[in-house]
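Descriptive analysis of the structure
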Amino acid sequence: SIVSPLLRTGYHFQPPMNWINDPNGPLYYKGWYHLFYQYNPKGAVWGNIVWAHSVSRDLINWIALEPAIKPDIPSDQYGCWSGSTTMLADGTPAILYTGIDRPNINYQVQNIAFPKNKSDPLLREWVKPGYNPIASPEPGMNATQFRDPTTAWYADGHWRMLVGGLKGDRRGVAYLYRSRDFKTWVRAKHPLHSALTGMWECPDFFPVQVSGQNGLDTSESGTKYVLKNSLDLTRYDYYTVGTYDNTTERYVPGNPDGDYHRLRYDYGNFYASKTFFDPVKRRRILLGWANESDSVTYDKAKGWAGIHAIPRKIWLDPSGKQLVQWPVEELEKLRGKPVSVSHKVVAPGEHFEVTGLGTYQADVEVSFEVSGLEKAEELDPAYAQDAEKLCGVKGADVRGGVGPFGLWVLASAGLEEKTAVFFRVFKGGSGQHVVLMCTDPTKSSLSPGLYKPTFAGFVDTDISSGKISLRSLVDRSVVESFGAGGKTCILSRVYPSIAIGKGAHLYVFNNGEAEIKVSQLTAWEMKKPLMNGA
Ligand code: DQQ
């Protein structure tokens, strides 16, 4: 059944039980990665929110500590909501977070906390200075839509941070605050940026290098910057790449349609994400929350709800137009013995099984080679801007020209259940090829009443060589996929009823007219890391 323990994820982040949502305040400190997260200590539904705390040496094995931030001062007594960590010049980490300070209405203020004992690498205890809150809604501001402070950055004698908000009914806002001493904060007259998209939750703002895969500390200046918002309206995370300078204190998206262009970190179930700079490996890491896609009744019956995506390293694509994401290399420590397939042709309408490993908990990397791009279907202009709609009408079982081809993961032996992760190539208006990546879970489970949306994004890759890669992290009830080396990512939750445990199989399929070659496929069964004592 859907509450089977075999559906509880094996290597994705989660506590032993209860509800989790947003990742909060990730940071590296004295040999340890710290992850805080929104957590209900009392149940598997949202509520009673505290900052739970876990630590890790490698972002993969996690040890749970006591919650770090709990309601215990007037300005957070009704909830400790999302926020971030900033490293001060003397090496002190500071947490900025949202507090709910009155009952029944979610009136929001921003608070600060510091470690009680800086020499404790585990940062177990946090103190909240008496001068809290450090920012409150002003007259004319929407006090119930004012939250989620970012990591602050330092330049020209000032710290600056953002707080997400809503102006009027529709304008999402990144309010900008300034401080000389990290104690007294003043709001800048104009926000860093705003757009008519609805409330901006969990803003994130950081510099990126224009070449290479290294990250920058949030206070280093970049040629380019990324601004991300989590849109309450759609429950997806959107970002733009643009420019920023500390004198004007304004961010300008590179693409004039940027705010409405809908570039997403992940085209699946992934929300309220946050990045941080890892000074050890000089990389920027993205963490995100994936909720369940079953019902509250099931969540209660399971006793848990919510996971985090595998931490992803992110960097700017050489085109400068988008980010690229890849699971942190530490994940590869969980790989068991590999199984490989090479140079295998999959004829139109054919599929084959990848055998020799347990695939309910696996890491699968494939390079495909397509011949016969001339067989690509025309792209209906009605769907040219909407990958999700396109995938809705051109799902995995709809025969195509070039594709659908890809993987069936968490598939039962008789294929009654299967989640398809695939590509489909179209001929666009001006003769160029358009690549669609989809996760189609419509056949993922025989259990009734599940929410099984198809997820999809376009892949901005040059397919003229016929080559494209796919990586899927399969973990019992999660399928987290990276197309074309991480240019398009899709995380999806599925709850098979027979494709569980040893009943889960892995296939490569081709439902197109054109022949597909698997140049190389390697699959690893994944071991279970330390996961918060569960
Ligand atoms: N979750 C937090 C808020 C944030 C929202 C509350 C996003 O601070 O805006 O749990 O999921």
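From a predicted model like this one, the values you see are computed outputs, not experimental measurements.

Turning next to the overall build of the protein chain. Tallying secondary structure elements over the protein chain gives 3 helices and 37 strands in all. Relative to its length of 534 residues, the protein chain is compact, with a C-alpha radius of gyration of 23 Å against a globular reference of 24 Å. Taken over the C-alpha atoms alone, the protein chain extends approximately 70 × 50 × 40 Å along its principal axes. The proportion of buried residues among the 534 residues of the protein chain is 52%. In the protein chain, the proportion of contacts linking residues at least 24 apart, taken out of those at least 6 apart, comes to 63%.

Here 4 strands make up an open sheet; going across it, the order is 5-6-7-8 and the pairing antiparallel. Each edge of the sheet is formed by a strand with only one pairing partner; in this case those strands are strand 5 (80–87) and strand 8 (126–127). Summarising the sheet, strand 6 (residues 93–100) and strand 7 (residues 108–115) pair through 6 bridges and their orientation is antiparallel. Looking at strand 7, one finds that Ile95 is bridged to Ala113.

With that out of the way, let us pick up the pairing of strand 2 (residues 32–40). Counting buried positions over the 9 residues of strand 2 gives 7, a clear majority of the element. Here 7 bridges tie strand 1 (residues 18–29) to strand 2, and the two strands are oriented antiparallel to one another. If you follow Tyr29 over to strand 2, its bridge partner there is Trp32. Where strand 1 folds back on strand 2, the antiparallel hairpin that results is connected by 2 residues, among which Lys30 adopts a positive phi of roughly 45 degrees. The pairing of strand 2 with strand 3 (residues 50–56) spans 7 bridges and is classified as antiparallel. By the bridge assignment, His34 is partnered in strand 3 with Val55.

This part takes up the site of the ligand. Around the ligand there are 13 residues in total, and Gln38, Trp81, Ser82, Glu201 and Ala272 lie nearest to it. Looking at the shell around the ligand, the elements with two or more residues in it are strand 1, strand 5 and strand 15 (200–208). Its residues placed into classes, the shell around the ligand shows 4 nonpolar, 5 polar and 4 charged.

As a further point, take the domain arrangement of the protein chain. Here the protein chain is partitioned into domain 1 (5–327) and domain 2 (334–526). A C-alpha centroid distance of 31 Å is found between domain 1 and domain 2. Of the residues lining the interface, 30 residues belong to domain 1; the matching set on domain 2 comes to 31 residues. The element that contributes the greatest number of residues to the side of domain 1 that touches domain 2 is strand 24 (residues 323–327), accounting for 4 residues. Grouping the constituent residues of the side of domain 1 that touches domain 2 by class yields 14 nonpolar, 9 polar and 7 charged.

Ordered in space as 4-3-2-1-21, the 5 strands form an open sheet in which the pairing is mixed. Strands at the two margins of the open sheet, each flanked by one partner only, are strand 4 (63–69) and strand 21 (304–305).

So, about the confidence of the model for the protein chain. Here the protein chain averages 97 in pLDDT, while 100% of its residues score no lower than 70. Both confidence scores are given for the complex: pTM 0.98, ipTM 0.99.

By size, the foremost hydrophobic cluster in this structure holds 157 residues, and its most contacted members are Ile69, Leu407, Val409, Leu410, Val435, Leu436 and Ala456. Here the element with the most residues in this core is strand 29 (residues 402–411); it accounts for 7 residues. Residues lining this core come from more than one domain, with at least three contributed by each of domain 1 (5–327) and domain 2 (334–526). Once residues within four sequence positions are removed from consideration, Val435 is found in contact with Phe423, Val425, Phe458, Val459, Thr461, Ile463 and Ile468.

Another aspect to go through is the UniProt feature "domain: Glycosyl hydrolase family 32 C-terminal" (unreviewed entry) in the protein chain. On the UniProt side, "domain: Glycosyl hydrolase family 32 C-terminal" (unreviewed entry) is annotated at positions that read residues 330–525 here. Taken end to end, residues 330–525 is 4% helix and 49% strand, and its first and last C-alpha atoms sit 15 Å apart.

We now examine unusual backbone geometry. With an omega of -5 degrees, the peptide bond between Asn132 and Pro133 qualifies as cis. Mapped onto the fold, Pro133 is located in the loop between strand 8 and strand 9 (146–147). Omega for the bond connecting Gly403 with Pro404 falls within 30 degrees of zero, at 5 degrees, which places this linkage in the cis form. Here Pro404 lies in strand 29. Phi at Asn532 is positive, roughly 60 degrees, even though this residue is not glycine. Of note, Asn532 is situated in the segment after strand 37 (516–526).

The next subject is the environment of Trp289. Along the chain, the position of Trp289 falls in strand 20 (residues 283–290). According to the C-beta neighbour criterion, Trp289 is buried, with 25 such atoms within 10 Å. For the pair formed by Trp289 and Ser273, sequence separation is 16 residues and the distance between their alpha carbons is 6.4 Å. Beyond its immediate stretch of four places on either side in the chain, Trp289 contacts Asn21, Asp22, Pro23, Tyr271, Ala272, Gly306 and His308.

Turning our eyes to something else, we now look at the pairing of strand 5. Extensive coverage of strand 5 is indicated by the burial of 8 of its 8 residues. Summarising the sheet, strand 5 and strand 6 pair through 6 bridges and their orientation is antiparallel. The residue of strand 6 that forms the bridge with Ser84 is Leu96. Linking strand 5 to strand 6, which pair antiparallel, is a turn of 5 residues; within it Gly91 sits at a positive phi near 85 degrees.

Relative to the elements of secondary structure, Trp200 occurs in strand 15. Residue classification places Trp200 among the buried positions, given that 30 C-beta atoms sit within 10 Å. Counting along the chain gives 147 residues from Trp200 to Ala347, while the straight-line C-alpha distance between them is 47 Å.

About the criteria used
Throughout this description, residue numbers start from 1 for each chain and increase along the sequence as written. Where totals are concerned, whole chains, interfaces and linings use all residues; where local detail is concerned, this predicted model gives features only for residues with pLDDT of at least 70, and gives and counts side-chain atom pairs only at 80 or more. By definition, any uninterrupted DSSP run of H or I lasting at least four residues is a helix, any uninterrupted run of E lasting at least two residues is a strand, and each is numbered from the N terminus. Our radius of gyration is a C-alpha quantity, and the globule rule it is checked against amounts to 2.2 Å times the number of residues to the power 0.38. To sort residues by burial, count the other C-beta atoms lying within 10 Å of each one's C-beta; a count of 20 or more means buried, 12 or fewer means exposed, and anything in between means partly exposed. C-beta atoms are built from the backbone. Throughout, a pair of residues is in contact if the C-beta atoms placed from their backbones lie within 7 Å. In this analysis, strands are considered paired if DSSP registers two or more bridges between them. For each residue, a C-beta atom is positioned from the backbone; the residue is called near a molecule or strand if that atom sits within 6 Å of it. Three categories are distinguished: nonpolar for Ala, Val, Leu, Ile, Met, Phe, Trp, Tyr, Cys and Pro, charged for Asp, Glu, Lys and Arg, and polar for the others, with Gly belonging to the last. The domain boundaries here were taken from an automatic or database domain assignment. Looking at any residue, its pLDDT shows the predictor's confidence there, from 0 to 100. Working definition: the nonpolar core is a set of buried Ala, Val, Leu, Ile, Met, Phe, Trp, Tyr and Cys residues, joined through C-beta atoms within 7 Å. UniProt positions are given in the numbering used here, feature names are shortened, and annotations may be inferred rather than shown by experiment.

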